[in-house]
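This is what each chain is made of:
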Amino acid sequence: MTASAASPDALREEALAALSEATDEPALERWRAGWLGRQDGRVTLLLRAVREQPPEQRAAFGQAANAVKQTLEAALAERQESLKQAALKALSTTAALDVTLPGRPQAIGRLHPVTQTLRDCIKAFQEMGFRVAEGPEVEWSAYNFDAMRSPEDHPARDMWDTIWVDTLLNGERKMLLRTHTSPNQARVMERTPEPPVRVIVPGKCYRQEATDATHEWMLTQIEGLAVDEGVRMSDLKGVLYEFARKMFGQDRKVIFHHSYFPFVEPGVEMAMDCFICRGSGAECRTCHGTGWIEILGAGMVHPEIIENAGYDSSKVTGFAFGLGVERVALLRWGIEDIRHFYANDLRFLGQF
Ligand code: FA5
């Protein structure tokens, strides 16, 4: 019996029986194509057979064929929905997946607080006209020490306990993890044939430190260097005051102490008021009772370093500073211990 010859009622019953045997999406699709497909679905053929009927039966046959089409379309939709529900139910009863549980929030990453602070510091100096340069973290001792006026037997080398890299050159250890960003003073001037120089060099430094609340063995510094005719100590102070104002606002206090670094003359340290004890606690472990937390060393570039760069120290002068970025981060957020930064505790890091 061809499709066109089947009665609408018989066709409907056969189609519904076949539908009840379709148990997944591909089977449903095959059923749909076979019965309701536009080209040669059997219901389509049935509808085409209307015109082959004797004229007196044509209207009734047409109505019956249309009714079959509607019934089968509705039955298909219902079957699709019930299969979907059954699949979800099956999923929810297996241990692997409970579809009724709420979704898990995706943790969104963010910048480390020291990186945030580093970027803000860089921006502050850029706004004052400093450009940014970079230098190597594994450094020659010739740059880290000798070029910075600390030859082998100079006591200033003792200020930084060095982490050496064990590559020997003529039997001697010559490379190290830089202890400060200052070797970049020499590196930048070396590749700048003529002043003016106005540059900052941010980066990681490493020291063999007994760590405490304000000392880590890895630290981030920003070196600053300005060399030109007529650069004075007051320019250095102006830049550093402006930096402190940009980072901490107007109400924080800043103090300069005299200090010694072999590569500057005179040398200073700049400190900010201790946010923990406000200068009152003799046993404050953050400022050790001094009331001040040092954030940078600075001074007027030693004329010998200016001369070594090939500049004329009778014509040009310069200032330099080395800022501790973790210290700035401690101060801006009132964190009592620097070691939190690199302890990888998400309860701490997630707060910034
Ligand atoms: C120096 O490193 C000099 N190169 C700074 C300098 C540059 C002086 C240019 C003059 C001219 P000092 O060791 O003091 O200096 O370190 C500078 C800053 O780095 C400190 O003020 C402090 O903010 C930070 N710092 C130093 N040691 C540590 C440490 N162990 N952990 C965290 N921060 C540190």
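Residues numbered from 1 in each chain as written. Predicted model: local features only at pLDDT ≥ 70, side-chain atom pairs only at ≥ 80, totals over all residues. Heavy atoms only, no water.

Turning next to the pattern of salt bridges. Applying the stated rule across the entire model yields 16 salt bridges. The residue Arg245 makes a salt bridge to Glu242 at a minimum N-O spacing of 2.9 Å. Here Arg245 pairs with Glu242, and both are found in helix H8 (residues 233-248), just 3 residues apart, close to one helical turn. In this structure Arg245 comes out as partly exposed when scored by relative accessible area, which is 37%. Residue Glu242 is classed as partly exposed on the basis of its relative accessible area of 26%. Here Asp312 ties to Lys315 by a salt bridge, and the two come within 3.5 Å at their closest N and O atoms. Classification of Asp312 as partly exposed rests on a relative accessible area of 33%. Using a relative accessible area of 55% as the deciding quantity, one classes Lys315 as exposed. (Salt bridge = Lys/Arg side-chain N within 4 Å of Asp/Glu carboxyl O. Helix = DSSP H or I, 4+ residues; strand = E, 2+ residues; numbered from the N terminus. Buried < 20%, exposed > 50% of the residue type's maximum accessible area, 1.4 Å probe, protein only.)

To continue, consider helix H1 (residues 8-21). With 14 residues, H1 extends 20 Å between its outermost C-alpha atoms, agreeing within 8% with the 20 Å of an ideal straight helix rising 1.5 Å per residue. When we look at burial in H1, the residues that qualify are Pro8, Leu11, Ala15 and Leu19. Along the long axis of H1, the arc covered by the buried residues comes to 70°, so they all point the same way. Buried residues in H1 make contact with helix H2 (25-36), helix H3 (42-48) and helix H4 (55-93). (Expected span 1.5 Å × (residues − 1). Arc of directions from axis to C-beta. Contact = heavy atoms within 4.5 Å.)

Okay, the site of the ligand next. The environment of the ligand is made up of 26 residues, and the closest members are His180, Ser182, Arg207, Glu216 and Glu294. One of the side-chain nitrogen or oxygen atoms of Glu209 is found 3.0 Å away from a nitrogen atom of the ligand. In the model, an oxygen atom of the ligand is placed 3.5 Å from a nitrogen or oxygen of the Gly324 main chain. Taking 670 Å² as the accessible area of the ligand by itself, protein coverage stands at 96%. Mapping the ligand onto the cavity grids shows that it belongs to the largest pocket. If you tally residues by element for the shell around the ligand, the top one is strand S9 (residues 292-301), at 5 residues. (Near = heavy atom within 4 Å. Polar contact = N/O pair within 3.5 Å; in protein donor to acceptor, adjacent residues only side chain to side chain. Areas by Shrake-Rupley, 256 points an atom, 1.4 Å probe, with all protein chains shown as cover. 1 Å grid on protein atoms, 1.4 Å probe; cavity = no way out; pocket = protein on both sides within 12 Å on 5 of 7 lines; lining within 4 Å. Sits in = over half its atoms within 2 Å of the grid points.)

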